[in-house]
Structure formats: C-alpha cells, structure tokens
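In case you want the letters, here they are:
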Amino acid sequence: MTRLNPAATVLLPACLSAACESHAGDADFVETDSAGVTILESFHAAWEAEAGWTVAVEPELAIGAGPTGSDDPNHPPWGRVRGVNVLSNGSLVAGDASTSEVMVFDSTGHLMHLFGGQGEGPGELDDFATVSTCEGDTIVAEEFHAYNYFDSEGRFIRRLATVDGRTQVPLGVFLTSGDCRRFLVADRDRTAEPEGPQGLTYWDFAWTDESFAGRDTVARVIEGHEMRYEEVFTRAVPWTTRVLPIRLTGDDLLFGYSQRAELRVVASDGALKRILRWHATPDPITAEEKREWNNQQVVGRESGRRIQLGDFPWLPDHKPFFDRLLADDEGNIWVRTPPQPDPAPERWTVLGSGGRWLGVVRMPDGFGLSQIARGRVYGIHRDELGVPTVRVHHLDKGG
C-alpha cells in the first residue's frame, strides 16, 4: 500500500518555489519545473476572440421520441437518460433510469442491442444509476452498490457488488481503471466537524481492487466547503462547488479545486506529474446575487430557520471557475464553466493536449455535453418542456 504523497494533495499555494518566477517577456504559455513537477501556465487563451472551435447548431444525429412518444425502437421515449458513451466503432451507449435499460445504437442511430431491465436476476438492474465503459468496449451498468459487466453486444458477463471487504459497508465508487479491475473510492468521515476557518471537508481518494479490502491512496482533495449548524446538519457554503476527478490516459487522474483555475495530473501511484494553470478572469459575485441568495434560503426542516450570508464566517470572493471535467480522445481537457445565468448554453474551457489554454467552446442551446470523440460532441438535449434526446453534433476545429 502506498503512502499519501504530500505533493498530490490538491490544495497548494498559487506558486511553487521555482514556478513562482515571472514568465519571460510577454510569453503567453510558459513551462517551468518545481521539484520534478512540470508546471504548464497559460497567461492568455490561444484562440482570438470569435475564433476557435465551434459546435454545429443542428445535430448530425438525434435519438429520441420527442414530446409525443413513439413505438419506433430507434427513437425511444427516454425517461431519465444516463451515461451517454461512445464505443471504439462509433456506436452509442446510453441508459434509461426510468426503465433500468441500456441501449446500444450504431453510428446512424439504429438500435442494435437492448438489455438490462428492472429485476434482480443475472443481467437485470434493480437499482440502476448510470452506464460507463472500460477496456475492450466493456459496458458497465452501474447500480448504486454494484457493477454489472456486459460486452459490446449486451451479453451479460458478471456482477460485482461494490461493498467494502472489511466492513461490508457499501462504497461510493467514482471511477474504474482502464482494465476494469480496479476502482477509485474515497474515504471521508462525514460525522466530523468541517476543518478550518473555511469549513473545508476533504476526501482521500484511493485505488482498490475487486476485494475492496485494501487502499492505495493517491490524493487528498477538497470535497467541499461546508458549515455545521447546531450539530445537526451541514450546509454548503454559497458559490462553491464540488468537482469529481476523471481518469486520463492509462490510470492517470485529473483533479481540480474549482475556486482556482488550476488542474493537477496525478499518477496511479500518487505522484504529482503536471500542474496546468490558466489566467482566467474571475466571475464576481454581485450584490443582486447575494440578495437573491438570502431571499431563497431556508435551512432546517424542523426549525425552518432562515440563514443569511452573514452566518458564514468565510465566503469566496468570486464564483467557481469550473464545475465539471472531461477529456477527449485526443488528450485535450475540457472544464465546464458554471452557467451564468441558468439556464444558459454550456461553456467549456479547453486546454490542449500539451497543456496550453486554447479558449472556450459553447454548446447548442439545451445541450448537455457527455463525451467528445471522433470530431464530435455527444450528449443529451432537453427541449423547453424538458423532454430529452440523445444528440451528436459536429465539432469544427477549423483548418
């Protein structure tokens, strides 16, 4: 079992020793080194205003029945779409939590395979949550406390209960390894008082095998900003957000602390490999937003007591830089800017595979991005009535 590498803790000052040296001249992108860790820092976006990558407004493919429903299996009336994924041959995989079914469509939208369904038998899904993929186009239908493995044609392989081998307590699994055999879990004492003047709470992320008995810790990260009230419940600090890690090439992990325009790449053994920084302008919190937040808050079902911003000993002075992370099939990293105001088209800041800050890509109205691959974006569109369709849009990179 590895020991926690202090360098992997995703909460460090803005500068690190040698990395604090000012960048030479007016260079927009600088690479420095600090104790063997590569630091890639962008001072301006590479794309000029109104230039850069764009997403086509009209989809290449839309899978869904619309508000009237349909008996056509190629256009199912989605209930709660979960986990849009792309297989190596361009096929699409998506699950429906309302029916506990998983569907595989070819690249033209033709339904190829349907499996799962509500139940407790082999290949059935009793408490379906979402669907993901791992090595060899293995499809993983995730229940809240179990993983169900299927091949790319929907044939059931096995079921694995995600239960701690030491305590038999169900675990929260965040990611699978590339070979489908290890799982990223996090330990947190949820009964503990939030730490420090900012009310920080932490997760210790670790890899574990299928026995869930051991832990190989890789990083300690901020889970959130919370304040405890009357020793009964905690409350999230306004204008902060939790960002879950993603797995990059191999089993490298990408972590981010949303209040800072910075990401960290951590190897599977806990070694900090790279730090990516970009000098984005913070989005300020306005007086009107503070008034609106105060007006909407009621805390405590029993007392119904209102809390105000003055009840928090610490508040951020700007909104989060991002609230979600993705990586595409070319090694570019995408970070989502929280919608301002909501609803609004999703905006994703893109960092190139070499760590350079490229710019912002805007999604079509109503479209939620799930995956980027094969020169396309894949995700879920919801119309003004909230009716979902799975959609594929072309990603134009110019040139």
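Each chain carries its own residue numbering, running from 1 in the direction its sequence is written. Under the rules for a predicted model, residues below a pLDDT of 70 receive no local features and side-chain atom pairs below 80 are neither given nor counted, while totals for whole chains, interfaces and linings still include all residues. Each side-chain value is worked out from all heavy atoms of the structure, with water and hydrogens disregarded.

Chemist: Which residues make up the sheet that holds strand S12 (residues 156-161), and what values do they have?
Modeler: The pairing of strands in a sheet happens through backbone hydrogen bonds and is either parallel or antiparallel. If you walk across this open sheet you meet the 4 strands as S9-S10-S11-S12, and the pairing is antiparallel. Where the open sheet ends on each side, the last strands, each with one partner, are strand S9 (128-134) and S12. Ignoring which end each strand starts from, the neighbouring axes of this sheet average 20° apart. Sheet topology places S9 next to strand S10 (residues 138-143); 6 bridges connect them, and they run antiparallel. From the neighbouring strand, Phe 128 faces S10, where its bridge partner is Glu 143. In this description, strands pair whenever DSSP reports at least two bridges between them. Numbering of helices and strands starts at the N terminus; helices are DSSP runs of H or I of at least 4 residues and strands are runs of E of at least 2. Fitted lines through C-alpha atoms serve as axes, helices being fitted only where they are in contact, and the angles separating the N-to-C directions of these axes extend from 0 to 180 degrees.

Chemist: Explain the environment of Val 86 to me, and be specific about the residues and the numbers.
Modeler: Positionally, Val 86 belongs in strand S5 (residues 81-86). Overall, Val 86 belongs to the buried group, its relative accessible area being 10%. C-alpha of Val 86 to C-alpha of Thr 133: the two residues are 47 residues apart in sequence and 8.5 Å apart in space. In this analysis, two residues are considered to be in contact whenever any of their non-hydrogen atoms come within 4.5 Å of each other. Setting aside its immediate chain neighbours within four residues, Val 86 contacts Ser 91, Gln 371, Arg 374 and Tyr 378. For each residue, the accessible area found with a 1.4 Å probe, counting protein chains only, is set against the maximum for its type, and the residue is called buried under 20%, exposed over 50%, and partly exposed in between.

Chemist: Tell me what's going on with the confidence of the model for the protein chain, and back it up with residues and numbers.
Modeler: Across the protein chain, the average pLDDT comes to 86, with 87% of residues at or above 70. Within the model, pLDDT remains below 50 along residues 1-25, and this stretch shows 53 contacts once partners closer than five positions in the same chain are excluded. On a range of 0 to 100, pLDDT expresses the predictor's confidence in each residue.

Chemist: How would you summarise the pattern of salt bridges if you had to cite specific residues and measurements?
Modeler: Here, a salt bridge means any side-chain nitrogen of Lys or Arg that lies within 4 Å of a carboxyl oxygen of Asp or Glu. Enumeration according to the criterion identifies 19 salt bridges in this entry. Put simply, Glu 262 and Arg 277 hold a salt bridge, and the shortest N to O gap is 2.5 Å. With Glu 262 in strand S20 (residues 262-266) and Arg 277 in strand S21 (residues 272-278), this residue pair connects regions lying 15 residues apart in the sequence. The pair Glu 262 / Arg 277 is uniform in exposure class, with both members buried. The partner of Arg 291 in a salt bridge is Glu 288, and the shortest N-O contact between them spans 2.8 Å. On the criterion of helical spacing, the pair formed by Arg 291 and Glu 288 is a turn pair, its members being 3 residues apart in helix H1 (residues 287-296). Assessed through its relative accessible area of 47%, Arg 291 is described here as partly exposed.

Chemist: Would you mind going over a negative patch on the surface in detail, with residue names and values included?
Modeler: A cluster of like negative charges, contributed by Glu 120, Glu 124, Asp 126 and Asp 127, occupies part of the molecular surface. Position of Asp 127 among the secondary structure elements: in the loop between strand S8 (111-116) and S9. To count toward a patch, a residue needs a relative accessible area over 30% and no salt bridge; like charges are then connected within 9 Å, while nonpolar side chains (Val, Leu, Ile, Met, Phe, Trp, Tyr) are connected within 5 Å. For the accessible areas, the method is Shrake-Rupley and the probe is 1.4 Å, while residue cover comes only from the protein chains on display. Only four residue types enter the tally: Lys and Arg on the positive side, Asp and Glu on the negative side; His and the chain ends are excluded. The location of each charge is read from NZ of Lys, CZ of Arg, CG of Asp or CD of Glu.

Chemist: Can you tell me about the nonpolar core, naming the residues and giving the values?
Modeler: The term nonpolar core refers to a set of buried residues drawn from Ala, Val, Leu, Ile, Met, Phe, Trp, Tyr and Cys, joined through side-chain atoms within 4.5 Å. With 17 residues, the main nonpolar core has Leu 254, Leu 263, Trp 278, Phe 322 and Leu 325 as its most contacted residues. Contributing elements (two or more residues each) for this core: S20, S21 and strand S23 (333-337). Here Leu 325 is in contact with Val 243, Leu 244, Ile 246, Leu 254, Phe 255, Gly 256, Leu 263, Trp 334, Val 335 and Trp 348, once residues within four sequence places are set aside.

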